[in-house]
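Examining the three-dimensional arrangement
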Amino acid sequence: MSSDLKKTKTKFKKPRKGKWIIMSITIILGMAALWIINTFAQQIRKSEEEKVRIWASAISQKAELMTSTETFFNEVAIDERRKVKLYIDVLQSFNNKDLGSDAEFYLSYVSYIVDSSRTPFMILDKDSIITSCGNIKPTIEEDGRMIGTKVTPELLRLFSDNPPFHYSVWGIPLTLIYRESQIYSDMRAALDNLNKSFLSEVTNNSVFVPVIVVDSTKENILGSGNINRRDFNSPDKLRNKLELMARENQPIILQLANNQTAYVYYEPTPMLKLLRIIPLIYLFLALVLLLISYNLFRTARSDEENRIWVGMAKETAHQLGTPISSLSGWADYLEGKTLEEPYLGEIRKDIDRLDTIARRFSKIGSIPELKSEDVCEVIRHTISYMEKRSPRKVSFVTTLPDRPVIAPLNRYLFEWVIENICKNAIDAMEGKGTFTTILTTDGNHINIDLCDTGKGIPTSQQKYIFESGYSTKQRGWGLGLSLAKRIIQEYHNGKIVLKYSVPGQGSVFRITIGQQK
């Protein structure tokens, strides 16, 4: 528990090369497989993007063609009206008395123009009697039979699309009505069919592009395809959906018949959406693979360290056996000699201590046997032993319940944990201070607080104290607190934490174990 915590790297032997080779090959093969999958996915994604791009380009070109065709039809309609107006102007020229014989020429010329354009027309008097007509019936004779008859309401409806011309000849009021030529009507019908088939082609495309076609108000849906209608079955949903689609791609403008404007909104295909997240999936899998590999490396290293600890502990126990036997023999030999009894008793205690240490090391790496022990008695015994072998300026304060507190313990290993923390505290206090032990119970748990008035541990170094290889001593192995944590957590199903530590004030370690009912 020193503030001058130093990181001493314990030198472990290299783990088996086979494990490292297998892990390296696994990582390389896994990364290669992920790279190949990602490459294929990117190629498919580019192919899908190219299909959508070609589709959008084709739609845009067809939209331009539709616009040009609509412009052409508008010009044809204007031209037909211009011809009819010219015909009216010639008829009105008969009001000019100075026109002479040229009037007949002009009338013949204009009549030829009107007849050649096949524009159906009728001239009506004030009583709706047909005074002249043309291009209504299949033959001229059939048109002639209509002259002198009153126009029917059905026929008037056929000529109601264009505004009539009102004029007078020789004071007689006349009205000329007309409609588009049959050629124009046939071409207009073909264009309307083309518009319908074009919208159907846009919405039901072969590349499965989700499409919504709306009118100029962007509130009325003209068509949709490859998309769930529940996503835009209300005005608010439609508005939000169109905004999302506009962020993906600029809408295509279509100029339809009768000067109608439509907007084509589209978004990436479901396949393209899936392929766009492939890189994220690839990155996620790569991170998972790296984490697994890191965990395997860490586990392998931990296994190697555990084997080293076990081997070191058992070898230490084996080596301690010889001097313990020898010292035990010498103690037996000295009994009855002139050596004073108190000294002989202390020698016997140290021999028992060496035997205890050997037992502790021999249990590392194996499943220890837990017995019902009085935790208070174990702490008293351990603190009593440490107090007699500590500097006189270190005082020990122990606060324990008056009653026995029973818990399943391996006495040898649990005493070892208390001793380790106590020794670290004495080193941190540099031979002068107070070491306090407090035991409390909380339900089914026993809390043991081990406090010292030493130098404390800086906050930046507190997270390292339970790691192997970190020592409070210049020549330490850095295994004391690491083994203490292992003994408490793995063997006693408890917990050991640094509860409190402030540089210059001291530290408090807390051990929590289960209480036996």
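Placed above this text is the structure.
Everything quoted here is computed from the prediction, not taken from an experiment.

With that out of the way, let us pick up the sheet that holds strand β5 (residues 172-178). Read across the sheet, four strands follow the order β3-β2-β5-β4 without closing on themselves; strand pairing throughout is antiparallel. Each edge of the open sheet is held by one strand with a lone partner, namely β3 (130-134) and β4 (165-169). Going across the sheet, the axis of each strand differs from the next one's by a mean of 20°, ignoring polarity. Relative to β3, strand β2 (residues 121-124) runs antiparallel, the two being bridged by four bridges.

Two pairing modes exist for strands in a sheet, parallel and antiparallel, and in both the strands are linked by backbone hydrogen bonds. Taken together, the five strands give an open sheet; going across it, the order is β11-β13-β14-β17-β16, and neighbouring strands pair in mixed fashion. For this open sheet the edge positions go to β11 (394-399) and β16 (495-502), each flanked by a neighbour on one side alone. When strand polarity is set aside, the average angle formed by the axes of neighbouring strands in this sheet is 15°. By the bridge criterion, eight bridges tie strand β13 (residues 433-442) to strand β14 (residues 445-452) in an arrangement that is antiparallel. Along β14, the bridge assignment pairs F435 with D452.

For the rest of this paragraph, the subject is the nonpolar core. In a soluble, globular protein the nonpolar side chains are often hidden away together inside. One finds V375, F414, L439, I448 and I511 to be the most contacted residues of the largest nonpolar core, which totals 43 residues. Counting residues per element, this core draws most heavily on helix α11 (residues 411-429), at ten residues. Those residues within four positions of V375 in sequence are excluded, and the remaining contacts are V405, A407, L409, F414, L439, I446, I448 and I513. By size, the runner-up hydrophobic cluster in this structure holds eleven residues, among which are I88, F121, Y167 and L176.

It is worth spelling out the pairing of β2 at this point. Of the two faces of β2, the one lined by F121 and I123 and the one lined by M122 and L124 are each fully buried. Taking the residues between adjacent antiparallel strands as the criterion, β2 and β3 are bridged by five residues, where S128 takes a positive phi near 60°. Pairing between β2 and β5: four bridges, direction antiparallel. Bridge assignment links F121 to a residue of β5, and that residue is Y178.

Right, let's get into the pattern of salt bridges. Per the counting criterion, the structure on display carries eight salt bridges. For E373, the salt bridge goes to R411, with nearest N and O atoms at 3.5 Å. A residue pair is termed long-range when its members are at least 10 positions apart, and E373 in strand β10 (residues 371-374) and R411 in helix α11 qualify at 38 residues. Of the residues examined, E373 reaches a relative accessible area of 17% and is grouped as buried. For R411, the salt bridge is made with E415, and the minimal N-O distance between the two is 3.1 Å. Of the two residues, R411 and E415 both sit in helix α11, four residues apart, roughly one turn of that helix. Through salt bridges with shared partners, a single ionic network connects E373, E377, R411 and E415.

Here helix α12 (residues 480-491) is twelve residues long and its end C-alpha atoms lie 16 Å apart, about the 16 Å a rise of 1.5 Å per residue gives. Just beyond α12, the residue with positive phi is N493, at close to 50°.

On to α11, then. End to end, α11 covers 27 Å across 19 residues, agreeing with the expected 27 Å (1.5 Å per residue, within 8%). Counting buried positions along α11 gives 15 out of 19 residues, so the element sits mostly inside the fold. Phi for E430, located one or two positions after α11, is positive at around 55°.

Our next topic: a nonpolar patch on the surface. The grouping of I44, M271, L274, I277, L280, I281, F284, L285, V288, I292 and L296 at the surface amounts to a nonpolar patch, some 970 Å² of accessible area in total. For the nonpolar patch, the secondary-structure elements that each account for two or more residues are α7 (270-276) and α8 (278-334). The element contributing the most residues to the nonpolar patch is α8, with seven residues. One can find F284 in helix α8.

About the cut-offs
Residues numbered from 1 in each chain as written. Predicted model: local features only at pLDDT ≥ 70, side-chain atom pairs only at ≥ 80, totals over all residues. Heavy atoms only, no water. Pairing = 2+ DSSP bridges. Helix = DSSP H or I, 4+ residues; strand = E, 2+ residues; numbered from the N terminus. Axes fitted to C-alpha atoms, helices over the stretch in contact; angles between N-to-C directions. Core = buried A, V, L, I, M, F, W, Y, C linked by side-chain atoms within 4.5 Å. Buried < 20%, exposed > 50% of the residue type's maximum accessible area, 1.4 Å probe, protein only. Contact = heavy atoms within 4.5 Å. Salt bridge = Lys/Arg side-chain N within 4 Å of Asp/Glu carboxyl O. Expected span 1.5 Å × (residues − 1). Patch = residues over 30% accessible without salt bridge, like charges linked within 9 Å, V, L, I, M, F, W, Y side chains within 5 Å. Areas by Shrake-Rupley, 256 points an atom, 1.4 Å probe, with all protein chains shown as cover.

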